[in-house]
Amino acid sequence: QVQLVESGGGLVQAGGSLRLSCAASGSIGSINVMGWYRQAPGKQRELVATITTSGTANIADSVKGRFTISRNNAQNTMYLQMNSLKPEDTAVYYCNVRKVFPVPTDYWGQGTQVTVSS
């Protein structure tokens, strides 16, 4: 069973920074994609960034240049460094792992709240 635990959310003023962490336990496989998604009140969950086991990152245009995703394969951890935060970044941020084998399977964390005040 895979479990994901996020941490690092909180309240920050516009222009500030936060660093989110996601720790995965259980078997997530040697090939997988880890990612961050967010959901603001009244909106659908949206992709923020993903990163493959080999380190290839995909960043949403809305956060490109401000957010950086990274991971530590040896520790099964993932990070999201968020700089120059804006009020529109306010959302619950969810950690996701997609195992590739034996069948594609998604796992989600419980979410961590990020609130950016203007």
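Everything in this summary refers to the structure shown in the same document. (Residues numbered from 1 in each chain as written. Predicted model: local features only at pLDDT ≥ 70, side-chain atom pairs only at ≥ 80, totals over all residues. Heavy atoms only, no water.)

1. As for the pairing of strand β1 (residues 3–7)
Put simply, side chains in a regular strand alternate between the two faces of the sheet.
Right, so step 1: Every second residue of β1 is oriented toward a common face, the buried set being Leu-4 and Glu-6 and the non-buried set Gln-3, Val-5 and Ser-7.
Right, so step 2: Sheet analysis places β1 next to strand β3 (residues 18–25), joined by 5 bridges and oriented antiparallel. When the sheet's bridge partners are listed, Val-5 is paired in β3 with Ala-23. (Buried < 20%, exposed > 50% of the residue type's maximum accessible area, 1.4 Å probe, protein only. Helix = DSSP H or I, 4+ residues; strand = E, 2+ residues; numbered from the N terminus. Pairing = 2+ DSSP bridges.)

2. Observations concerning unusual backbone geometry
Right, so step 1: Residue Pro-102 is reached from Phe-101 by a cis peptide bond, and omega for that bond is 0 degrees.
Right, so step 2: Looking at the secondary structure, you find Pro-102 in the loop between β9 (91–99) and β10 (105–108).
Right, so step 3: Its identity as a non-glycine residue notwithstanding, Asn-76 has a phi of 50 degrees, on the positive side.
Right, so step 4: Given the relative accessible area of 21%, Asn-76 is considered partly exposed.

3. Regarding the state of the cysteines
Right, so step 1: Scanning all chains against the criterion turns up 1 disulfide.
Right, so step 2: Sulfur-sulfur distance for the disulfide between Cys-22 and Cys-95 comes to 1.9 Å. Its S-S torsion of approximately -65 degrees makes the covalent link between Cys-22 and Cys-95 left-handed. You can see Cys-22 sitting in strand β3 and its partner Cys-95 sitting in strand β9, a full 73 residues away along the chain. Neither Cys-22 nor Cys-95 differs from the other in exposure class; each is buried. (Disulfide = S-S within 2.5 Å.)

4. Observations regarding the sheet that holds strand β7 (residues 67–72)
Note: strands within a sheet are paired through backbone hydrogen bonds, in either parallel or antiparallel orientation.
Right, so step 1: One open sheet accounts for 4 strands, arranged β1-β3-β8-β7; its pairing is antiparallel. The sheet is open, and its two edges are formed by β1 and β7, each paired on a single side. Averaged over all pairs of adjacent strands, the angle between strand axes in this sheet comes to 15 degrees, irrespective of strand direction. (Axes fitted to C-alpha atoms, helices over the stretch in contact; angles between N-to-C directions.)

5. Some words on the side chain of Glu-6
Right, so step 1: Structurally, Glu-6 can be placed in strand β1.
Right, so step 2: One buried charge, Glu-6, has no salt-bridge partner; the nearest side chain with opposite charge is Arg-45, at 7.7 Å.
Right, so step 3: A polar atom in the side chain of Glu-6 sits 2.7 Å from the backbone nitrogen of Cys-95.
Right, so step 4: A distance of 2.9 Å separates the side chain of Glu-6 from the backbone nitrogen of Gly-111, its partner in a polar contact.
Right, so step 5: For Glu-6, the residues in contact, after removing those within four places along its chain, are Ser-21, Cys-22, Trp-36, Tyr-93, Tyr-94, Cys-95, Gly-109, Gln-110, Gly-111 and Thr-112. (Lys, Arg positive; Asp, Glu negative; His and termini not counted. Salt bridge = Lys/Arg side-chain N within 4 Å of Asp/Glu carboxyl O. Polar contact = N/O pair within 3.5 Å; in protein donor to acceptor, adjacent residues only side chain to side chain. Contact = heavy atoms within 4.5 Å.)

6. Some remarks on the packing of aromatic side chains
Right, so step 1: Applying the stated criterion to the full structure yields 1 aromatic pair.
Right, so step 2: In this structure, Arg-19 packs its charged tip against the face of Tyr-79, placed 4.1 Å from the ring centre.
Right, so step 3: Against the face of Trp-108 rests Arg-45, its NZ or CZ located 4.6 Å from the ring centre. (Phe/Tyr/Trp six-rings, centres within 6.5 Å; stacked < 30°, edge-to-face > 60°. Lys NZ or Arg CZ within 6 Å of the ring centre and 35° of its normal.)

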